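Structural overview
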Amino acid sequence: MEDIIKKELDTLLSLMGIEAQYDLNVEESNGVKYIKISFNGENLGYLIGNHGKHLESLQYIFSLILRKKLEEGTEYRVVMDVGGYKEERNKKIERMALQKADDARILGEPIELEPMSPSDRRVVHMALQVFDDIKTESVGEGNDRRVKIIPISDKEILKGKEDSDSDEEGEE
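Reading the values: the criteria
- Residues numbered from 1 in each chain as written.
- Predicted model: local features only at pLDDT ≥ 70, side-chain atom pairs only at ≥ 80, totals over all residues.
- Heavy atoms only, no water.
- Helix = DSSP H or I, 4+ residues; strand = E, 2+ residues; numbered from the N terminus.
- Expected span 1.5 Å × (residues − 1).
- Buried < 20%, exposed > 50% of the residue type's maximum accessible area, 1.4 Å probe, protein only.
- Contact = heavy atoms within 4.5 Å.
- 1 Å grid on protein atoms, 1.4 Å probe; cavity = no way out; pocket = protein on both sides within 12 Å on 5 of 7 lines; lining within 4 Å.
- Points joined across faces, edges and corners; volume = space filled by probe spheres on them.
- Nonpolar A, V, L, I, M, F, W, Y, C, P; charged D, E, K, R; others polar.
- Pairing = 2+ DSSP bridges.
- Axes fitted to C-alpha atoms, helices over the stretch in contact; angles between N-to-C directions.

1. Details of helix H4 (residues 85–107)
The terminal C-alpha atoms of H4 lie 33 Å apart, and with 23 residues this matches the ideal 33 Å at 1.5 Å per residue to within 8%. Listed as buried for H4 are Lys 86, Ile 93, Ala 97, Ala 101 and Ala 104. Contacts from the buried residues of H4 go to helix H3 (53–69), strand E3 (76–82), strand E4 (111–112), helix H5 (118–128), strand E5 (134–139) and strand E6 (146–151).

Structure follows, in structure tokens:
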């Protein structure tokens, strides 16, 4: 699998006239293969583009190429990064999500974030899923899709725990 990925990536980069070193790592989690490609070097800002748009597009195109080349039925996700840009961006999005979750708790009402890409929305959902008193959902269509952060009252949390306790009792 890694040989196919490397060959296709090298071909794509060559066709685009991009000369860059990269690290390739394939990890599996819950039946999904995560294909992590990290570009290294100087003057790679053009690969990132404005607010990561080039990187996002390159990741999407490469994902489509792999769909044709990998064995049918293979579950995978392509994750590309340039010089740690995406990791830093994800940390920034997580911090913003935590701040907005605090705001939702204080105000006691849902807060909608600005429209985001699917990968950015996923970062928000993952960052906030650990909290019992907050839930998230994606709302909107197309490029206007955004995350809504919804505070959950103590009563709803207790009701949810009672429901799960009664489910467990019924299983015994």
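2. Section: the layout of surface pockets
If you add up the space inside the largest pocket, you get close to 980 Å³. Lining the largest pocket are 25 residues, and of these Gln 59, Val 78, Val 79, Ser 119 and Arg 122 lie nearest its centre. Put simply, the parts of the chain that give the lining of the largest pocket at least two residues each are strand E2 (32–40), H3, E3, H4 and H5. A total of 7 residues in the lining of the largest pocket trace back to one element, the largest contributor, which is H3. Taken together, the residues of the lining of the largest pocket sort by class into 9 nonpolar, 6 polar and 10 charged. Volume-wise, the second largest pocket comes out at about 440 Å³. Of all elements in the fold, only H3 and H4 reach the threshold of two or more residues within the lining of the second largest pocket. With 6 residues, H4 is the single largest residue contributor to the lining of the second largest pocket. Taken together, the residues that form the lining of the second largest pocket break down as 6 nonpolar, 2 polar and 8 charged.

3. Observations concerning the sheet that holds E4
In space, the 3 strands of this open sheet follow the order E4-E6-E5, with antiparallel pairing throughout. Pairing within the sheet leaves two strands with one partner each, and these edge strands are E4 and E5. Looking at chain direction, E4 and E6 are connected through 2 bridges and run antiparallel. Within the sheet, the bridge partner assigned to Glu 112 lies in E6 and is Lys 148. Those strands touched by H4 are E4, E5 and E6, and its axis lies near 40 degrees from that of E6. This element, H5, spans E5 and E6 of the sheet and lies at about 165 degrees to E5.

Geometric descriptors of this kind do not, in isolation, establish any biological role.
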